[in-house]
Amino acid sequence: MAAAHPLAFPPPSGRPARLVVLVSGSGTNLQALIDAAADPAFGAEIVAVGADRDGIAALERAERAGIPTFVHRVKDHPDRTAWDAALTGSVRQRQPDLVVSAGFMKILGAGFIDAFAGRIVNTHPALLPAFPGAHGVTDALAHGVKVTGCTVHLVDAGVDTGPIIEQGVVRVTDADHADGGEALHERIKTVERQLLVEVVGRLAREGHRIEDRKVWIPA
Ligand code: GRF
């Protein structure tokens, strides 16, 4: 049997897992987590929402739900390392068990990843390892794939390269080529929201262990 990876994540006992969610846009994945966390059986509470920009719908969703927010814009810091340190500090202050990158459109720096290693979950709108990066939906479409989907994975130092936790599949139709991938992305997001809620809930309640690249969540 392979040895347990040192980054195994034990779930907190006797209390809900503390989540910090990072966002950059409309925040529909965040909303799905907010709705799920309203049920104590979900096993997690969102203690803060962080963003890399102001004036986004995701922050309004957090505020409506009474969740504290913070914003760190790259342009307000002398360089990316300083921005990453500020983001790391704000997240660390909330003492999260898990950090969820839900449509956060910045690459996290080495300092951030070290601080929360094995506990950062990202959602990506393609079937990794195919089509990583910021244009996963349109890259898949341009390649002519017939199925695509979404991937919930742990974050490591690469771009969308971390161990895969779960994936959801979405069929591509001929009509998807007509609108630049908008309708396809919406169908992916419908699957993605359910998958993210399911995975984050399971991690919060059961934890995980990693063997080689495989993430195991106890049944
Ligand atoms: C999701 O598809 C996510 O995977 C991608 O951007 C989208 C964010 O959507 N990176 P939302 O802000 O949660 O509505």
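Residues numbered from 1 in each chain as written. Predicted model: local features only at pLDDT ≥ 70, side-chain atom pairs only at ≥ 80, totals over all residues. Heavy atoms only, no water.

Peer 1: Please provide a residue-by-residue account of helix α2 (residues 57-64), values included.
Peer 2: A58, L59, R61 and A62 are the residues of α2 that are buried. Taken down its axis, α2 places every buried residue within 155° of arc, on the same side. Packing partners of the buried residues in α2 comprise β1 (17-23), α1 (28-37), β2 (44-51) and β3 (69-71). Following α2 by one or two positions, G66 has its phi on the positive side, about 75°. (Buried < 20%, exposed > 50% of the residue type's maximum accessible area, 1.4 Å probe, protein only. Helix = DSSP H or I, 4+ residues; strand = E, 2+ residues; numbered from the N terminus. Arc of directions from axis to C-beta. Contact = heavy atoms within 4.5 Å.)

Peer 1: Before we move on, can you summarise the site of the ligand with the specific residues and values?
Peer 2: Around the ligand, the structure places 13 residues, and the nearest of them are S26, T28, H185, K189 and E192. Note that an oxygen atom of the ligand is positioned 2.7 Å from one of the side-chain N or O atoms of K189. For the ligand, an oxygen atom lies 2.4 Å from a polar atom in the side chain of E192. Here the ligand, which alone exposes 370 Å², has 90% of that area covered by the protein. Contributions of two or more residues to the shell around the ligand are made by α1, β5 (120-124) and α6 (182-206). Ranked by the residues each element gives to the shell around the ligand, the list is headed by α6, at three residues. Looking at the shell around the ligand, its residues break down into two nonpolar, nine polar and two charged. (Near = heavy atom within 4 Å. Polar contact = N/O pair within 3.5 Å; in protein donor to acceptor, adjacent residues only side chain to side chain. Areas by Shrake-Rupley, 256 points an atom, 1.4 Å probe, with all protein chains shown as cover. Nonpolar A, V, L, I, M, F, W, Y, C, P; charged D, E, K, R; others polar.)

Peer 1: Describe the nonpolar core, naming the residues involved and giving the relevant values.
Peer 2: Judged by nonpolar contacts, the single largest core of 48 residues is most densely connected at V21, L30, L33, I46, V49 and I165. When residues of this core are assigned to their parent elements, the largest contribution, nine residues, is made by α6. What I165 contacts, discounting residues up to four positions off in sequence, is V121, V152, H153, L154, V199, L203, V215 and I217. If you look at the next biggest cluster of nonpolar residues, it comprises 16 residues, including V20, V47, F104 and F112. (Core = buried A, V, L, I, M, F, W, Y, C linked by side-chain atoms within 4.5 Å.)

Peer 1: Describe unusual backbone geometry, listing the residues and the values that go with them.
Peer 2: The omega torsion of the bond from L128 to P129 falls at 10°, within 30 degrees of zero and hence cis. Here P129 shows up in the loop between β5 and α5 (136-143). Despite not being glycine, F131 shows a phi value in the positive range, around 55°. Here F131 lies in the loop between β5 and α5. The class of F131 is buried, set by a relative accessible area of 18%. In this structure, D212 takes a positive phi of about 55° despite not being glycine. With relative accessibility at 58%, the residue D212 sits in the exposed group.

Peer 1: Just give me the short version of the packing of α1 against α2, but keep the residues and values in it.
Peer 2: Where α1 meets α2, the closest approach of the two axes is 9 Å, and the angle between their N-to-C directions is 15°. One way to sum up the angle between α1 and α2 is to call them roughly parallel. As for the relative orientation of α1 and α2, their crossing is right-handed in sense. Contacts between α1 and α2 pair T28, L30, Q31 and I34 from the former with A58, R61 and A62 from the latter. The residue makeup of the contact of α1 with α2, split by class, is four nonpolar, two polar and one charged. (Axes fitted to C-alpha atoms, helices over the stretch in contact; angles between N-to-C directions. Parallel < 35°, antiparallel > 145°, perpendicular 65-115°, else oblique. Left-handed = near helix turned anticlockwise from the far one by under 90°.)

Peer 1: Any chance you could break down the packing of aromatic side chains for me, citing the residues and the numbers?
Peer 2: Applying the stated criterion to the full structure yields two aromatic pairs. Taken together, a centroid distance of 4.9 Å and an interplanar angle of 55° make the contact between F112 and F116 tilted. Here F112 matches F116 in class, with each residue buried. (Phe/Tyr/Trp six-rings, centres within 6.5 Å; stacked < 30°, edge-to-face > 60°.)

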